[in-house]
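Next come the chains, spelled out residue by residue.
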Amino acid sequence: MLVDSHVLVTGATSGIGRSCAIAFAEAGARLTITGRRADRLAELADELPGEVTTLTFDVRDRDATRAALAEVPSPDVLVNNAGLAAGFEPIQDGDEADWDAMLDTNVKGLLTVSRTLLPGMIARGNGHVINIGSTAGHEAYPNGAVYCATKHAVGAITKSMRMDLLGTGVRVSTVDPGLVETEFSVVRFHGDADRAARVYEGLDPLTPDDIAETVVWVADRPRHVQVAEVIITPTDQASATMVHRR
Ligand code: NDP
Ligand code: 8X3
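Residues numbered from 1 in each chain as written. Chains lettered and ligands numbered in written order. Predicted model: local features only at pLDDT ≥ 70, side-chain atom pairs only at ≥ 80, totals over all residues. Heavy atoms only, no water.

- The name given to the protein in an unreviewed UniProt entry is Oxidoreductase, short chain dehydrogenase/reductase family, with the source organism recorded as Euzebya pacifica.
- Quoted verbatim from the Sequence similarities (unreviewed entry) heading of the UniProt record, the comment on the protein is "Belongs to the short-chain dehydrogenases/reductases (SDR) family." (UniProt positions renumbered as here; feature names shortened; annotations may be inferred.)

Below, the structure written as structure tokens:
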């Protein structure tokens, strides 16, 4: 089903998005990959088999997002992956610039991309939006109020989107991972790689390829099958705060 389909992945310069782009390309899809780091997009485009378009924009910039997405045909599959956590403090010590970055990227960016691309899917009578949520969209944890709020928002948006699109032929899914070792924690801790490494110390975290495999599986179901939600954690993780470390 994915051969010659057009898949657009936001946030493909690293981690889960990068692995999704590779996995979809290996499944025979034509890719549009996006992110802010043009050099990384170009490197990935060189690595991928098949046809690849790169679009460099910041999903927080609504006009730039709309203008960039106007350059490509409506995709068969949209993977809304671009996102981040910024900071890890109790709310009373939180940095408002971090809060804005998370809300503007994880919630408003996802909305802008979806709003721009959905009319084309609806007009064609088929399409698939796969949002990358999180276990942080199912439970809250200390020092994560705003990140958890953004991922709860992604869960709510996904559910409403599925209702709004009922009867259009457009499928809506969410894939919600627990701990995946990517650049996520380095970004969360503002570049402190040692602190980031400690998040995954003594356990076997998920890899971005684990998530990509599932995202491709979700996309590759027959058209009458809509996988609503997949939650994936490492075997060493039972909840946001219950993690087994050796
Ligand atoms: P990475 O930091 O490795 O990748 C994040 C990607 O998002 C990068 O490609 C980055 O590209 C892109 N991105 C971030 N901000 C923007 C922006 N303003 N505009 C455009 N692109 C942006 O982290 P992950 O791969 O782990 O994260 C991907 C998604 O998975 C996020 O939504 C995250 O919340 C979610 N997730 C991650 C988990 C984990 O444990 N790692 C678990 C559950 C969910 P660039 O910097 O080039 O713009
Ligand atoms: C990322 C996983 O546990 O840091 O969504 O919230 S966690």
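**Observations regarding the site of ligand 2**
1) Next: In the neighbourhood of ligand 2, the contacting residues comprise Ser134, Ala136, Tyr141, Tyr147, Gly178, Phe184 and Arg188.
2) Next: Within the side chain of Ser134, a nitrogen or oxygen atom sits 2.5 Å from an oxygen atom of ligand 2.
3) Next: Within the contact set of ligand 2, an oxygen atom lies 2.7 Å away from a side-chain nitrogen or oxygen of Tyr141.
4) Next: Protein contacts shield 88% of the accessible area of ligand 2, which totals 240 Å² for the unbound molecule. (Near = heavy atom within 4 Å. Polar contact = N/O pair within 3.5 Å; in protein donor to acceptor, adjacent residues only side chain to side chain. Areas by Shrake-Rupley, 256 points an atom, 1.4 Å probe, with all protein chains shown as cover.)

**Re helix 3 (residues 62–69)**
Helical geometry: 3.6 residues make up each α-helical turn, so side chains three or four residues apart lie on a common side.
1) Next: Those residues of helix 3 that fall on the buried side of the exposure criterion are Thr65, Ala68 and Leu69. The arc that holds every buried residue of helix 3, seen down its axis, measures 90°, which confines them to one face.
2) Next: On its buried face, helix 3 is in contact with strand 1 (6–9), strand 3 (52–56) and helix 4 (96–124).
3) Next: One side-chain oxygen of the residue at the start of helix 3 lies 3.3 Å from the amide nitrogen of Asp63, identifying that residue as Asp61. (Buried < 20%, exposed > 50% of the residue type's maximum accessible area, 1.4 Å probe, protein only. Helix = DSSP H or I, 4+ residues; strand = E, 2+ residues; numbered from the N terminus. Arc of directions from axis to C-beta. Contact = heavy atoms within 4.5 Å.)

**Observations regarding the pairing of strand 5 (residues 127–132)**
1) Next: Here strand 5 lies mainly inside the structure; six of its six residues are buried.
2) Next: Side chains of strand 5 alternate between two faces, with Gly127, Val129 and Asn131 and His128, Ile130 and Ile132 buried alike.
3) Next: Two strands pair when backbone bridges link them, and strand 4 (residues 77–80) and strand 5 are joined in this way by four bridges, in the parallel orientation. Residue pairing for strand 5: Val79 is matched across the bridge by Ile130.
4) Next: In this fold, strand 4 hands off to helix 4, which returns the chain to strand 5; that crossover is right-handed. (Pairing = 2+ DSSP bridges. Right-handed = clockwise from strand over helix to strand, strands pointing away.)

**Here we look at the side chain of Asp98**
1) Next: Here Asp98 lies in helix 4.
2) Next: Although Asp98 is buried, it forms no salt bridge, and the closest oppositely charged side chain is Arg188 at an N-O distance of 8.7 Å.
3) Next: Side chain to side chain, Asp98 and His190 meet in a polar contact 3.1 Å long. (Lys, Arg positive; Asp, Glu negative; His and termini not counted. Salt bridge = Lys/Arg side-chain N within 4 Å of Asp/Glu carboxyl O.)

**Re the environment of Thr116**
1) Next: Structurally, the position occupied by Thr116 is in helix 4.
2) Next: Distance from Thr116 to Thr65, taken between C-alpha atoms, is 8.5 Å for residues 51 residues apart in sequence.
3) Next: Among residues more than four places away in sequence, those in contact with Thr116 are Arg66 and Leu69.
4) Next: Only 2.7 Å separates the side chain of Thr116 from the backbone oxygen of Thr112, close enough to count as a polar contact.

**Thoughts on the confidence of the model for the protein**
1) Next: Looking at the protein as a whole, the pLDDT averages 98, with 100% of positions reaching at least 70.
2) Next: Among the prediction metrics, the complex's ipTM stands at 0.99, with pTM recorded as 0.99. (pLDDT = per-residue confidence, 0-100.)

**Describing the site of ligand 1**
1) Next: Around ligand 1, the surrounding shell holds 30 residues, and the nearest of these are Thr13, Ser14, Arg36, Tyr147 and Thr182.
2) Next: The contact in question runs from an oxygen atom of ligand 1 to an N or O atom on the backbone of Ile16, over 2.8 Å.
3) Next: Taking Gly178, its main chain carries an N or O atom lying 3.3 Å from an oxygen atom of ligand 1.
4) Next: Protein burial of ligand 1: of its 870 Å² of free accessible surface, 96% is covered by the chains.
5) Next: Here the residues of the shell around ligand 1 sort into twelve nonpolar, twelve polar and six charged. (Nonpolar A, V, L, I, M, F, W, Y, C, P; charged D, E, K, R; others polar.)

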